[in-house]
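Observations on the three-dimensional arrangement
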Amino acid sequence: MASGLPKMTARVLTCLFTSDAGSLTASQLAQHLQVSPASISKAIAFLESQSLVRRERDERRRDRYIVDDELFYQATIASARANDQLVETARQGVTVLGPDTPAAARLENIARFLDFISESITRAAEQAREVLHTKPRTAPDDTTQPTPDR
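The text that follows walks through the structure, step by step, so that each part is easy to find. (Residues numbered from 1 in each chain as written. Predicted model: local features only at pLDDT ≥ 70, side-chain atom pairs only at ≥ 80, totals over all residues. Heavy atoms only, no water.)

Let us look at the overall build of the protein. Broken down by element type, the protein carries five helices and five strands. Sequence-ordered secondary structure for the protein, helices as α and strands as β, is α-β-α-α-β-β-α-α-β-β. Look at the contacts in the protein between residues 6 or more apart in sequence, and 49% of them connect residues 24 or more apart. For the protein, the computed accessible surface area is about 10200 Å², with 54% contributed by carbon and sulfur atoms. (Helix = DSSP H or I, 4+ residues; strand = E, 2+ residues; numbered from the N terminus. Contact = heavy atoms within 4.5 Å. Areas by Shrake-Rupley, 256 points an atom, 1.4 Å probe, with all protein chains shown as cover.)

Next comes the structure, spelled out in structure tokens:
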């Protein structure tokens, strides 16, 4: 919730993250959280739109909602791409307003700022991607570095 997610959405995401399998069905989520299936459906729709969960059909043809290591990378890249759309829109505004207007200068500065942020996020995500596939240390006194598990 501290990152801006609605309460139910945050609860669903937390439930998925803390499940051993990293996946649950809608009925399992509703049961764990003691809420209606409609509440789960709304939260899942938002989480899917943000690339924070993915949906798969299990062997019984039920939808399973999954969180895994790769989703954080994908969500980060999707966020950077959303910024790219804002950059394009701001630059279109510069053209519409004319480059010599104060509003156009403001939009160009916004576009440059978001372009820089987007590139930085993408670069950082690429560099840190391996961290998502790293096995954590097993004991607090273990001083060895984490190792990739693939």
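Okay, back to it.
The strand order across the open sheet built from three strands is β1-β3-β2, with neighbouring strands paired in antiparallel fashion. Of all strands in the sheet, those with a lone pairing partner are β1 (23-25) and β2 (54-57), marking the two edges. Strand-to-strand twist in this sheet, taken as the mean axis angle between neighbours without regard to direction, amounts to 35°. When β1 meets strand β3 (residues 63-66), the two strands line up antiparallel, connected through three bridges. By the bridge assignment, Thr 25 is partnered in β3 with Arg 64. Where helix α2 (residues 26-33) meets the sheet, it contacts β1 and β3, and its direction lies at approximately 95° from that of β1. (Pairing = 2+ DSSP bridges. Axes fitted to C-alpha atoms, helices over the stretch in contact; angles between N-to-C directions.)

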